[in-house]
Each structure stands twice: as structure tokens, then as C-alpha cells.
Amino acid sequence: MLEQLVELDKELFLYLNGLGNTSWDGFWMAYTTKWNWIPLYAVLLFLLYKRLGIKMVLVTLISVVLMVTFTDQVTNLFKDGVMRHRPCHQAGIKELMRIVREGCGGKYGYFSGHASNSMGLAILVGLMLRKKYKYLIYILVVWAIIMGYSRIYIGVHYPLDVLSGLIFGGLSGFAFYKLDKYLQSRFALKDPPDKVL
């Protein structure tokens, strides 16, 4: 059963990766580069500031940093534990695929850190802002899913790597949203009343 799933995953990867063409390569390389999304992160930070104020934004930033660190470390544990080669390092696949990016990252790819971090951020921030911007979470989830697809397009992850990363990221984002709510309740204590002299 597992072998059949892996074979289906390889076939789906070759199909999706093969849909690409040189006209779109630049777009997908830009999309998959995390540094290109700094303006989006800045906008989200500004929206959080408007919603929460400076003190609570700092608390939320701690939650985001903890979540990204957590997802990165768990992703690395899975990569080193499962030891599934990236498609661009897999004999029998790399000869058949489109390699868009020179140098395709580390040897192992299960599961996708890009997908998990993107979905984690989408869920965490989307839930934090849902009362004021109720459709934002859907936009961010779509952004994260497209980020996952970009990893297939450029040839560094199988679809199962991406799907697992998206699921783990969603769970991680929800867990750290709960942690953030707890931290905010702890830091939101009212100032003590003035002492009576």
C-alpha cells in the first residue's frame, strides 16, 4: 500500500512538474523565494498592530517566532528520519523532470518546510485577524497552498511532501494561535491601582 502511494506521488509529481514552461519559471522562482514576501509580512504586522496595539503585537511576534522555529525543527527531524530524497536528487526521477532551480537544496525533502511555515503563518495570523478581516484567512490559506505548489513546480518536493507540510503547518498554526491567546491573556493584566497614601 505504501509503495503504491509513493509511486502515485512520483507520477503526480512528474505530471504537475511537467506542466511548467520557461515562460512561467521566473514567476514561480520569485513566488517560492521567502524574501520576496517581506512586504506581505510587513502588511500583516501592521494589521496586527492596528488590531492589538504595540504590547500585544510583541507577544504575537514571540508566538510567530516560536511557531516558525518549531515547524522548522520538526520538519528537519522528519527529513532526517524519513530520508526520502527530493525529486531533484532521486535517480529515475531527476532524469525525467524539469529542474527549474540550480542546486535544489538538501538531500531529503519529506516534508516541505516552505509549505508548513506558510500554512502555519496563514492559520495563526488569519485567526488573529479574523474578527476584523474575516476573509483574510482564506486569502492566506490560498497563498500557502500556492506556495506549496511552487515547490513542486521548481522540482524540489513531491506532492506528498507538500500536502504533509500544509497539514502539519495548519495544526501548528492553530496550536500556536491558542498559545498566543493564552500569552495575551497573561500579559493583558490591568495596571495595578494607585497606592493610597
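So, here's what we can say about the structure. Keep in mind it's a predicted model, so treat the numbers as computed, not measured.

This part takes up helix H4 (residues 54-82). Between its terminal C-alpha atoms H4 stretches 42 Å, which fits the 42 Å expected from 29 residues at 1.5 Å a residue. If you check which residues of H4 are buried, you get Met56, Val57, Val59, Thr60, Ser63, Val64, Met67, Thr71, Val74, Thr75 and Lys79. Tucked into the core, H4 has its buried residues touching helix H3 (38-52), helix H5 (113-128) and helix H7 (159-187). At the exit of H4 stands methionine 83, carrying a positive phi of roughly 55°.

Roughly 480 Å³ of volume is contained in the largest pocket. Along the wall of the largest pocket there are 17 residues; nearest its centre are Tyr41, Val64, Val68, Asn117 and Leu121. Looking at the lining of the largest pocket, the elements that each hand over two or more residues are H3, H4 and H5. Residue composition of the lining of the largest pocket, by class: 13 nonpolar, 2 polar and 2 charged.

This part takes up the pattern of salt bridges. A full pass over the atoms with the stated rule returns 4 salt bridges. Aspartate 9 is the partner of arginine 84 in a salt bridge, and the nearest nitrogen-oxygen pair spans 2.7 Å. Pair noted here: arginine 84 is in the loop between H4 and H5 and aspartate 9 is in helix H1 (residues 2-18), with a separation of 75 residues, a long-range link. Across the pair, exposure class does not vary: arginine 84 and aspartate 9 are buried alike. One salt bridge connects arginine 98 with aspartate 25, and the closest N-O pair in it is separated by 2.9 Å. Linking arginine 98 in the loop between H4 and H5 with aspartate 25 in helix H2 (residues 22-32), this pair joins segments that are 73 residues apart in sequence.

This part covers the state of the cysteines. Applying the stated criterion across every chain yields a total of 1 disulfide. Here cysteine 88 is linked by a disulfide to cysteine 104, with a sulfur-sulfur distance of 2.0 Å. Linking cysteine 88 and cysteine 104, the disulfide has an S-S dihedral of approximately 100° and is accordingly described as right-handed. Highlighted residues: cysteine 88 in the loop between H4 and H5 and cysteine 104 in the loop between H4 and H5, separated in sequence by 16 residues. Classification of cysteine 88 by relative accessible area gives buried; the value is 8%.

This part takes up the packing of aromatic side chains. A complete count under the given rule lists 17 aromatic pairs for this structure. Between phenylalanine 70 and phenylalanine 176, the aromatic rings sit 5.6 Å apart at their centres with planes inclined by 50°, giving tilted as the arrangement. Within this pair, whereas phenylalanine 70 is found in helix H4, its partner phenylalanine 176 is found in helix H7, the two being separated by 106 residues in sequence. Overall, the relative accessible area of 37% leaves phenylalanine 70 in the partly exposed class. Exposure remark for phenylalanine 176: the relative accessible area of 12% places this residue in the buried category.

The rules we used
- All residue numbers refer to position in the chain's written sequence, counted from 1.
- It should be noted that, the model being predicted, local features are given only for residues of pLDDT at least 70 and side-chain atom pairs only at 80 or more, the latter also being counted only at that level, while totals for whole chains, interfaces and linings use all residues.
- Based on all heavy atoms of the structure, the side-chain values leave hydrogens and waters out of the count.
- Helix and strand definitions here come from DSSP, where helices need a minimum of 4 consecutive H or I residues and strands a minimum of 2 consecutive E residues; each element is numbered from the N-terminal end.
- In this analysis, the expected span of each helix is defined as 1.5 Å times one less than the number of residues it contains.
- Categorising residues by exposure relies on relative accessible area from a 1.4 Å probe, with only protein chains included: less than 20% of the type maximum marks a residue as buried, more than 50% marks it as exposed, and the intermediate range marks it as partly exposed.
- We call two residues in contact whenever any of their non-hydrogen atoms come within 4.5 Å of each other.
- Whether a set of points on the 1 Å grid over the protein atoms alone is a cavity depends on a 1.4 Å probe fitting there but being unable to get out, while an open set qualifies as a pocket with protein on both sides within 12 Å along at least five of seven lines; lining residues are those with an atom within 4 Å of a point.
- Grid points are joined across faces, edges and corners, and a volume is the space filled by probe spheres set on the points.
- Only Asp, Glu, Lys and Arg are considered charged, only Ala, Val, Leu, Ile, Met, Phe, Trp, Tyr, Cys and Pro nonpolar, and every remaining residue, Gly among them, polar.
- By convention in these notes, a salt bridge is any Lys or Arg side-chain nitrogen within 4 Å of a carboxyl oxygen on Asp or Glu.
- Any two cysteine sulfur atoms within 2.5 Å of one another count as a disulfide.
- Ring geometry is summarised as follows: Phe, Tyr and Trp rings, the Trp one being its six-membered ring, pair when their centres sit within 6.5 Å, and such pairs are stacked at plane angles under 30 degrees, edge-to-face over 60 and tilted between the two.

All we've got here are geometric facts, nothing functional implied.
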